[in-house]
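Chain by chain, the residues run as shown.
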Amino acid sequence: MKSFRAEPVNQFSLPRRIQRLGELAYNLWWTWKPDAQRLFRLIDHDLWERTYHNPVQFLRQVERAQLNAVAQDRNYLDFYDRIFRMFDQYILAEATWFLQEHADCINSPIAYFSTEFGLHETLPIYAGGLGVLSGDHLKEASDLGLPLVAVGFLYTRGYFTQHITEDGWQEARFQRLRFEDMPIMPILDEHDDPLTVSVELPGREVLARLWEIHVGRVPLYLLDTDVEGNSAEDRELTSRLYNSDMEARISQEIILGIGGVRALRNLGYNPAVWHMNEGHSAFMGLERAREMTAAGHSFDAARERICHSTIFTTHTPVPAGSDEFPLWLIDKYFSQLWPGLGLDRDQFIKLARREMSWGETFSMTLLAFRFAGRHNGVSELHGQVARKMWHFLWPDLREEDVPISHVTNGIHTGTWLARRLDHLFRRYLGRDWMDHLDDPDFWDSVENIPDEELWLVRRHLKRKLVFYMRDRAREQWLRDGIHPVQVIASGVLLDPYALTIGFARRFATYKRASLILRDLDRLLELINRPNRPVQIIFAGKAHPDDNPGKMLIQEVYRSVKKAENGGRLVFLEDYDMNLARYLVQGVDVWLNTPRRPNEASGTSGQKAALNGALNFSVLDGWWREGYNGLNGWTIGDDADQADPNIQDQMDVESLYDILENEIIPLYYDRSENDLPRKWIARMKASIRSLAPQFSMRRMIKEYTEQLYLPAMGE
Ligand SMILES: *Cc1c(COP(=O)(O)O)cnc(C)c1O
């Protein structure tokens, strides 16, 4: 094993008594421990907000006098000591679930590859649900003590920040990340030079350097081609997520799949299991096959062995979610590789050949299936859809026997739960409630929480959301001098106590963001009734090259700007993990209107449910499993119409009817002390049934037992 080390970019000079804040800043453990975040916030609240909750940047900027002040403050120091006791116990924990249950496998590393990781708002290396899922996966793998190591990209320009013009058009701004402000550690070799891996691209070798991020106990390695020695163009290869340029994209995926395997080898890992989270990393199979054929195995023998240790999770039935490369590109990028594998062109192309309406392609999804022995979708319905969709790969099997199982997605509880609710759970479920997170029976004790107290916390969270929107609007008005109508569109007229509906997600057309606006007059009549105001908050980004998605934002924005809605329809710019936290914690109803069965799972509704919001959604993805008749509402039924227009019309009728006749009356049905007792009963039913079942804890245990452990056996 070569000698290397990872070291923080910054050595902070802090008062000795609170020196370990620097260490905490470089372990993302704090991102799922709201109490640990308070260690920074308590020093300088405004700076904490100004740095967007970034401890590294915070410690670089904070005034020495303020550090000195807390270093003398008994209360602060007690709190500090308590947090670091928790931190040390966590990092050193010897009794993790994995160790207790599967000690014999603790030396079998699991390599987890993903193009995006959503870990925190200050690390913009994610675009949406896939990234947040990967980030949550790492956090829970850390909590449970899995021997997992992850590989991804450090996108030097991150994902864009979104601005909406007065006319409702999305503008994307990419900004170069300031590495000195990020919790990343360059990996250096024995000469203190950046450790690099090299990957062959047509006519050249491209270098990628490596960065490490500590996610609790799990290391995440990020590749970055912005290295001396690469051409100016190659230095930009890993600067953005989901480049639409085909060559940039295939190059990225070669760097992830092939470079990622080499990176792990360089770092001394010999993974027992390889997990491809979506097909973008499928080239890893080629690199592992190259290693084995170089060692004397035939290609077929190599592929068989690779399959045994490899897992592929497919995440979407939407064609845009699957990378398809034209064959000329495959010739250009791989013709030098196939002889070494013992394959000719035909045999190579056949690994992933797919007939698309626009011609023959090389499909990353097919390649992933070809190199993985275990495959899964991300909800029960998605499993069914995937078996149908990929049946042609197993023509001899009946559709129901196609070997694609499912593990339904979940969310990392600590990351998404409001701090006040955590405190309430500690009081009424027990201080150790987190240890029982995925035990459904344990959650019966949610019924012990007094209605008054639960409602008090909910009101607090609703206020918090509204004040946050006002702060943002004020800041934007000050900074950018936006038009007053845009100020109103950012939520300044919202009433913290009115029934609030949230709709926040990527603006992909299948999610039908504008469905609820289809009969605008009917909607406006509903939301403006006396004594029963209803408000709707929209948020979400469209991919910068997705014009239909951007037009959808514009359509929503035009309704938002209409005076007739009284400021009750709102569009919030720049949906990210921070805004997502405010929304899932602060709204009453979480709306989701995908066109079935395109929402493979979805997770935002799970976050909302955990925090006491009620789901109101099409029976797609996770909600089809989560809905039990008592814990929210469904739009439409469990059947699909062939004609999308008829489907839309039926869904929108169902949506308005339930809103008018069930949701609004239930929310405003108040007993003594202005308590909506029946609403609260539903909230409890929702938390109780959904928090354990859609936790990342349940999900990681299923991945471990159904997929990882079997892949470890010989
Ligand atoms: C949870 C989350 C998502 C996923 O949302 P779905 O629409 O349910 O898939 C996307 N973006 C952000 C910022 C999130 O936090």
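Residues numbered from 1 in each chain as written. Predicted model: local features only at pLDDT ≥ 70, side-chain atom pairs only at ≥ 80, totals over all residues. Heavy atoms only, no water.

## Focus: the overall build of the protein
Item 1. Counting its regular elements, the protein contains 29 helices and 22 strands.
Item 2. Scaling as 2.2 N^0.38, a compact globule of 714 residues should have a C-alpha radius of gyration of about 27 Å, and the protein matches this with 25 Å.
Item 3. Its C-alpha atoms put the protein at 80 × 70 × 50 Å along the principal axes.
Item 4. Sequence separation of at least 24 residues holds for 74% of the intrachain contacts in the protein that already meet a minimum separation of 6.
Item 5. A total of about 27,500 Å² of accessible surface is found on the protein, and carbon and sulfur atoms cover 47% of it.
Item 6. On the protein, the mean spot of the 83 positive side-chain charges and the mean spot of the 102 negative ones are 4 Å from each other. (Helix = DSSP H or I, 4+ residues; strand = E, 2+ residues; numbered from the N terminus. Rg over C-alpha atoms; globule rule 2.2 N^0.38 Å. Contact = heavy atoms within 4.5 Å. Areas by Shrake-Rupley, 256 points an atom, 1.4 Å probe, with all protein chains shown as cover. Lys, Arg positive; Asp, Glu negative; His and termini not counted. Charge placed at Lys NZ, Arg CZ, Asp CG, Glu CD.)

## Looking at empty space enclosed by the protein
Item 1. Counted by the stated rule, this structure contains five cavities of 30 Å³ or more.
Item 2. What the largest cavity holds in volume is close to 60 Å³.
Item 3. Forming the boundary of the largest cavity are R512, P594, R595, R596, V618, L619, I635, D637, A639, D640, Q647 and D651.
Item 4. Across the lining of the largest cavity, the residue classes tally to five nonpolar, one polar and six charged. (1 Å grid on protein atoms, 1.4 Å probe; cavity = no way out; pocket = protein on both sides within 12 Å on 5 of 7 lines; lining within 4 Å. Points joined across faces, edges and corners; volume = space filled by probe spheres on them. Nonpolar A, V, L, I, M, F, W, Y, C, P; charged D, E, K, R; others polar.)

## Side note on the sheet that holds strand β13 (residues 353–356)
Item 1. Sheet architecture is open: three strands sit in the order β12-β14-β13, paired in antiparallel fashion. For this open sheet the edge positions go to β12 (324–326) and β13, each flanked by a neighbour on one side alone. Strand-to-strand twist across the sheet, computed as the mean angle between neighbouring axes with direction ignored, equals 50 degrees. (Pairing = 2+ DSSP bridges. Axes fitted to C-alpha atoms, helices over the stretch in contact; angles between N-to-C directions.)

## Points about the site of the ligand
Item 1. Taken together, 14 residues surround the ligand, and among them W416, K511, T603, S604 and K607 come closest.
Item 2. R505 is positioned with one of its side-chain polar atoms (N or O) 3.4 Å from an oxygen atom of the ligand.
Item 3. The contact in question runs from an oxygen atom of the ligand to an N or O atom on the side chain of K511, over 3.3 Å.
Item 4. Surface burial for the ligand is 94%, taken as the share of its 390 Å² of free accessible area covered by protein chains.
Item 5. Mapped by element, the contributors of at least two residues to the shell around the ligand are α8 (129–144), α24 (577–586) and α25 (604–610).
Item 6. Mapping the shell around the ligand onto the domain boundaries places at least three of its residues in each of domain 2 (97–323 + 365–409) and domain 3 (416–693). (Near = heavy atom within 4 Å. Polar contact = N/O pair within 3.5 Å; in protein donor to acceptor, adjacent residues only side chain to side chain. Domains from an automatic or database assignment.)

## With respect to the domain arrangement of the protein
Item 1. Partitioning the protein into domains gives domain 1 (18–92), domain 2 (97–323 + 365–409) and domain 3 (416–693).
Item 2. A separation of 32 Å is found between the C-alpha centroids of domain 1 and domain 3.
Item 3. Counting residues at the interface gives five residues for domain 1 and six residues for domain 3.
Item 4. Of the roughly 540 Å² buried between domain 1 and domain 3, counting both surfaces, carbon and sulfur atoms make up 37%.
Item 5. Per-residue buried area on domain 1 facing domain 3 is highest for P34, D35 and Y52; these three make up 60% of the total on that side.
Item 6. Taken together, domain 1 and domain 3 are joined by two salt bridges.
Item 7. The partner of R426 in a salt bridge is D35, with the nearest N and O atoms 3.4 Å apart.
Item 8. For the pair domain 1 and domain 3, the interface holds three residue pairs in polar contact (both at pLDDT 80 or more).
Item 9. The class makeup of the residues in the side of domain 1 that touches domain 3 is two nonpolar, one polar and two charged. (Buried area = accessible area lost by both parts, 1.4 Å probe. Salt bridge = Lys/Arg side-chain N within 4 Å of Asp/Glu carboxyl O.)

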